[in-house]
There are 2 protein chains.
Amino acid sequence: METMANNVAIEKSKTSKIQDVDFDNLSFGSVYSDHMLVCDYKNGEWSAPKVVPYQPITLDPSAKIFHYGQSIFEGMKAYKDEAGKIWLFRPLENWKRLNKSAKRLAIPELPEAYFMDGLNALLQVESDWVPQNPGSSLYIRPFIFASGNGFHASPADEYKFIIACAPSGSYFSGKVKVLIEETYSRAANGGVGYAKAGGNYAGQFYPTQLAAEKGYQQVIWTDDNTHEFIEEAGAMNVFVRIGDTLLTAPTNDRILDGITRKSILDIANDEGIKTEVRKVSVHELVEAAKNGTLKEMFGAGTAAVISPIAGFGYHGEDYDLPELENSYASLLKKRITDIQYNRAEDKFGWRYEVAQ
Amino acid sequence: METMANNVAIEKSKTSKIQDVDFDNLSFGSVYSDHMLVCDYKNGEWSAPKVVPYQPITLDPSAKIFHYGQSIFEGMKAYKDEAGKIWLFRPLENWKRLNKSAKRLAIPELPEAYFMDGLNALLQVESDWVPQNPGSSLYIRPFIFASGNGFHASPADEYKFIIACAPSGSYFSGKVKVLIEETYSRAANGGVGYAKAGGNYAGQFYPTQLAAEKGYQQVIWTDDNTHEFIEEAGAMNVFVRIGDTLLTAPTNDRILDGITRKSILDIANDEGIKTEVRKVSVHELVEAAKNGTLKEMFGAGTAAVISPIAGFGYHGEDYDLPELENSYASLLKKRITDIQYNRAEDKFGWRYEVAQ
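Residues numbered from 1 in each chain as written. Chains lettered and ligands numbered in written order. Predicted model: local features only at pLDDT ≥ 70, side-chain atom pairs only at ≥ 80, totals over all residues. Heavy atoms only, no water.

1. A short note on the overall build of chain A
Stage number 1. Along its length, chain A carries 7 helices and 21 strands.
Stage number 2. For 356 residues, the compact-globule estimate of 2.2 N^0.38 gives 21 Å, and the C-alpha radius of gyration of chain A, at 21 Å, lies within 12% of that figure.
Stage number 3. C-alpha extents for chain A along the principal axes are approximately 65 × 55 × 35 Å.
Stage number 4. Considering chain A as a whole, with its 356 residues, one finds that 61% of them fall into the buried category. (Helix = DSSP H or I, 4+ residues; strand = E, 2+ residues; numbered from the N terminus. Rg over C-alpha atoms; globule rule 2.2 N^0.38 Å. Buried < 20%, exposed > 50% of the residue type's maximum accessible area, 1.4 Å probe, protein only.)

This is how it looks when you write it as structure tokens:
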């Protein structure tokens, strides 16, 4: 039976899997909620989104997603506060970035109302799936892929926009050791590195495996031309603290315009921390590690929030970072998660309440 | 009912679509044959391939193909000669390159026997689908994608290898005008440009659309750092004739090691044509166009074989190429297709007969 919420048709699942889920021991993104949002692009337009039971997707073997990599995604989280209210963090930024990615991948852009109304309707239906346990949240995965058919190397004529949800614990556990990459690259000048395109991730797996064989959990990506400037940490933006200054690379066509990244910069400035958005060279990093001014490094992204780095490898040498009592990573993570979980004032206007 | 051929189990389709196909008016890659080959990777190994009726693929919404772009493919053709025998062209080269792509994309490599036995069995079953019309062939699309589930950005634990077939006419009709790209790029140093990875194609669509709006059918990709050297033409390798010398860029980690490309070089050398495999600058191209020594440009790849270029645009100027009576493009296309269709001696040992 269909009902409506936020202008979105809802087909409820007859059964729920929620009683099978151990909310005290959630991993990241491996258990999915009962419903998903689906919206199809056909005959030149997006149809109205629908909430339907979480279900398999059936495609022709010639669907272009299998052949030409036309796929983009976003990562978001829903947070439940102590009163049981559900919050999102800057959701319009995700919609805007999804459309930036869409444009670069020749995927039709999605109307704001379909994204926001669809998201609200889905979260109303899935409100019981938003965990209340500390550090847990409902990870939300909006994605669009080419469902149209054909072996001709050209954009598809049909697409699917889906939002699926996975109640999740934290992404990484503990600090990670990283390797500064000198051979492989993540993105080209004039390429798709700034987009959340599927292909950007597949290309990272093999270099990350090689780093793992050497004992590093993540790769610090450098520019593809000189490998002299640090750009991203695994699938996250990267921050460096030298002395008391917090540094991160400027966004460009190789670097993702991370929502956590820009929120961290705003919070740091609000805290009176000196920030510099500029190119950071590997040389500068190594010198700072040697002379003791390199105090912290961390990755920043929706999934991991802030992922502290224990040390880095470069040219066969390992450089350990100190243990700090009052790290920027801890301070900034507390400030941003306090906003996300509605535990503190939101002076930036980032929090978004999901109507229930 | 299952039968066996070449160690491959065969489940025949109960009906055939072949009577609906107009073999005199085939487009490229939009009609699919009755069967496909399927081979699954699970629990750390590839299972034996099977020929099954062409059918939809069903995947969980969390399947990694939708999120992280782990997909690779090959392009091949089966040719029918006048006697009705069916031929492949250097199929082992496709298997080798598939595995090179697999390694870079962190996809498990496929055993040679599964590829070759599977291909032979499928083509035996589909022999009626190989067109005999001049210029037509059965386009063969082997591909592997991540079918395992999970939102964690890491390689999948399950994959599908599929071979699908599409009786096809020629890919391009007529000469194309190309734009030398100065803003966008196809591949990074240390990236995945040399692999036939899905993501490499999705990234080309938008710049190609922008070029099309200016009246160019294809883009000539240049290096991402300086945009001074030509690398590929659309989804093909690119050749240039200056004076009587045939030039093409050396393969590297940004440029696909095309099977047509290297076959063209061998045939050209056999014809006594002077070839040079070296970097070709845009400056050199423009100068040669201005002084009249630029005689030909063409793309080379399996789908289009050889695709002649009528002229190129650069910095807002258009440079037309002359009409030649005895072009290298015509000569080389005739030589390679005569080998492919078993119309001429195969001194290189490239032809491969499919047992029937």
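2. Regarding the packing of aromatic side chains
Stage number 1. Tallied over the full model, the rule gives 42 aromatic pairs over all chains.
Stage number 2. With centroids separated by 5.3 Å and ring planes inclined at 65 degrees, the aromatic side chains of Tyr41 of chain A and Trp46 of chain A adopt a geometry described as edge-to-face.
Stage number 3. A ring pair is formed by Phe23 of chain B and Trp129 of chain B, whose centres lie 6.3 Å apart and whose planes are at 55 degrees; its orientation type is tilted. Placement of Phe23 of chain B in the loop between strand S2 (8-11) and strand S3 (35-42) and of Trp129 of chain B in the loop between helix H3 (112-125) and strand S10 (137-146) is noted, with a sequence separation of 106 residues between them. A single burial state applies to Phe23 of chain B and to Trp129 of chain B, both of which are buried.
Stage number 4. In this structure, Lys279 of chain A is placed above the aromatic ring of Phe229 of chain A, and the distance from its NZ or CZ to the ring centre is 4.4 Å. (Phe/Tyr/Trp six-rings, centres within 6.5 Å; stacked < 30°, edge-to-face > 60°. Lys NZ or Arg CZ within 6 Å of the ring centre and 35° of its normal.)

3. Regarding helix H7 (residues 328-340) of chain A
Residue and element names in this part refer to chain A.
Stage number 1. The first and last C-alpha atoms of H7 sit 18 Å apart over 13 residues, in line with the 18 Å expected at 1.5 Å per residue.
Stage number 2. Along H7, the residues classified as buried are Tyr328, Ala329, Leu332, Arg335, Ile336, Thr337, Asp338, Ile339 and Gln340.
Stage number 3. Two residues or fewer past H7, Asn342 is found with a positive phi of approximately 60 degrees. (Expected span 1.5 Å × (residues − 1).)

4. Regarding the interface of chain A and chain B
Stage number 1. Listed per partner, the contact involves 59 residues of chain A and 59 residues of chain B.
Stage number 2. Summed over both partners, the interface of chain A with chain B comes to about 5,100 Å²; 62% of that surface belongs to carbon and sulfur atoms.
Stage number 3. Together, Phe66, Phe151 and Phe205 of chain A form the three largest contributors to the area buried by chain A at its contact with chain B, with a combined 15%.
Stage number 4. If you look at where chain A meets chain B, you find 0 salt bridges.
Stage number 5. Our enumeration of links across chain A and chain B arrives at 26 residue pairs in polar contact (both at pLDDT 80 or more).
Stage number 6. Every element with two or more residues in the side of chain A that touches chain B is listed here: strand S6 (57-59), helix H1 (65-68), strand S7 (71-73), helix H2 (91-104), strand S10 (137-146), strand S11 (159-168) and helix H4 (198-213) of chain A.
Stage number 7. It is H4 of chain A that provides the largest number of residues to the side of chain A that touches chain B, a total of 9 residues.
Stage number 8. Counted by class, the side of chain A that touches chain B contains 32 nonpolar, 22 polar and 5 charged residues. (Contact = heavy atoms within 4.5 Å. Buried area = accessible area lost by both parts, 1.4 Å probe. Salt bridge = Lys/Arg side-chain N within 4 Å of Asp/Glu carboxyl O. Polar contact = N/O pair within 3.5 Å; in protein donor to acceptor, adjacent residues only side chain to side chain. Nonpolar A, V, L, I, M, F, W, Y, C, P; charged D, E, K, R; others polar.)

5. Concerning the pattern of salt bridges
Stage number 1. All told, the structure shown has 40 salt bridges over all chains when counted by the stated rule.
Stage number 2. With a closest N to O distance of 3.7 Å, Lys175 of chain A and Glu323 of chain A form a salt bridge. Residue Lys175 of chain A is located in the loop between S11 and strand S12 (176-180), and its partner Glu323 of chain A is located in the loop between strand S20 (317-320) and H7; the two are separated by 148 residues in the primary sequence.
Stage number 3. The exposed category is assigned to Glu323 of chain A, whose relative accessible area is 68%.
Stage number 4. Of the charged contacts in the structure, one is a salt bridge between Lys160 of chain B and Asp40 of chain B, with a shortest N-O distance of 2.8 Å. One end of the pair, Lys160 of chain B, is in strand S11 (residues 159-168); the other, Asp40 of chain B, is in strand S3, with 120 residues separating them in the sequence.
Stage number 5. In this structure Lys160 of chain B comes out as buried when scored by relative accessible area, which is 19%.
Stage number 6. Three or more residues are tied together by salt bridges with common partners; here these are Glu93, Lys96, Asp257 and Lys262 of chain A.

6. Description of unusual backbone geometry
Stage number 1. Positive phi outside glycine occurs at His227 of chain A, with the angle close to 55 degrees.
Stage number 2. Its location among the elements puts His227 of chain A in the loop between strand S13 (218-222) and strand S14 (230-233).
Stage number 3. Unlike most non-glycine residues, Ala106 of chain B shows phi in positive territory, near 60 degrees.
Stage number 4. Note on Ala106 of chain B: relative accessible area 10%, which makes it buried.

7. With respect to the side chain of Ser147 of chain B
Residues and elements named next belong to chain B.
Stage number 1. Residue placement: Ser147 occurs in the loop between S10 and S11.
Stage number 2. From its side chain, Ser147 meets the backbone nitrogen of Tyr159 in a polar contact 3.4 Å long.
Stage number 3. Aside from chain neighbours lying at most four places away, what touches Ser147 is Leu59, Ala63, Glu158, Tyr159 and Lys160.

8. Here's the deal with the relation of the copies chain A and chain B
Stage number 1. Rotating chain A by 180 degrees and moving it 0.0 Å along the rotation axis overlays it on chain B with an RMSD of 0.0 Å. Such values leave the two copies arranged in the relation of a two-fold axis.
Stage number 2. The overlap is high: 100% of the interface residues of chain A also sit at the interface in chain B, so the same surface is used on both sides. (Least-squares fit on C-alpha atoms with pLDDT ≥ 70 in both.)

9. Digging into H4 of chain A
Stage number 1. With 16 residues, H4 of chain A ought to run about 22 Å at 1.5 Å a step, and its terminal C-alpha atoms sit 24 Å apart, in line with that.
Stage number 2. Of all the bends in H4 of chain A, the largest measures some 30 degrees and sits at Phe205 of chain A, one to four residues before the proline Pro207 of chain A.
Stage number 3. Those residues of H4 of chain A that fall on the buried side of the exposure criterion are Gly198, Asn200, Tyr201, Ala202, Gly203, Gln204, Phe205, Tyr206, Pro207 and Ala211 of chain A.
Stage number 4. Elements in contact with the buried residues of H4 of chain A: S7, S12 and S13 of chain A together with helix H1 (65-68) and helix H2 (91-104) of chain B.
Stage number 5. After H4 of chain A finishes, the residue Gly215 of chain A shows a positive phi value of roughly 95 degrees. (Bend = angle between axes of the 7 residues up to and from the residue.)

10. Brief notes about the domain arrangement of chain A
All names here are of chain A.
Stage number 1. Each assigned domain of chain A is listed with its residue range as follows: domain 1 (2-168) and domain 2 (176-340).
Stage number 2. Each of domain 1 and domain 2 has a C-alpha centre, and the two are 28 Å apart.
Stage number 3. Taken together, the contacts link 20 residues of domain 1 with 21 residues of domain 2.
Stage number 4. Summing both partners gives a buried area of about 1,800 Å² for domain 1 against domain 2, and 58% of it is carried by carbon and sulfur.
Stage number 5. Among the residues of domain 1 in contact with domain 2, Phe89, Arg97 and Arg104 are the three that bury the most area, contributing 35% of the side total.
Stage number 6. Put simply, domain 1 and domain 2 have 1 salt bridge between them.
Stage number 7. Among the ionic pairs, Lys262 bridges to Glu93, the shortest N-O distance being 2.7 Å.
Stage number 8. Between domain 1 and domain 2 we count 11 residue pairs in polar contact (both at pLDDT 80 or more) in total.
Stage number 9. Sorting the residues of the side of domain 1 that touches domain 2 by element identifies S7, strand S8 (76-80), strand S9 (86-89) and H2 as the ones contributing at least two each.
Stage number 10. At 6 residues, H2 tops the list of elements feeding residues into the side of domain 1 that touches domain 2.
Stage number 11. Residue classes in the side of domain 1 that touches domain 2 are distributed as 9 nonpolar, 4 polar and 7 charged. (Domains from an automatic or database assignment.)

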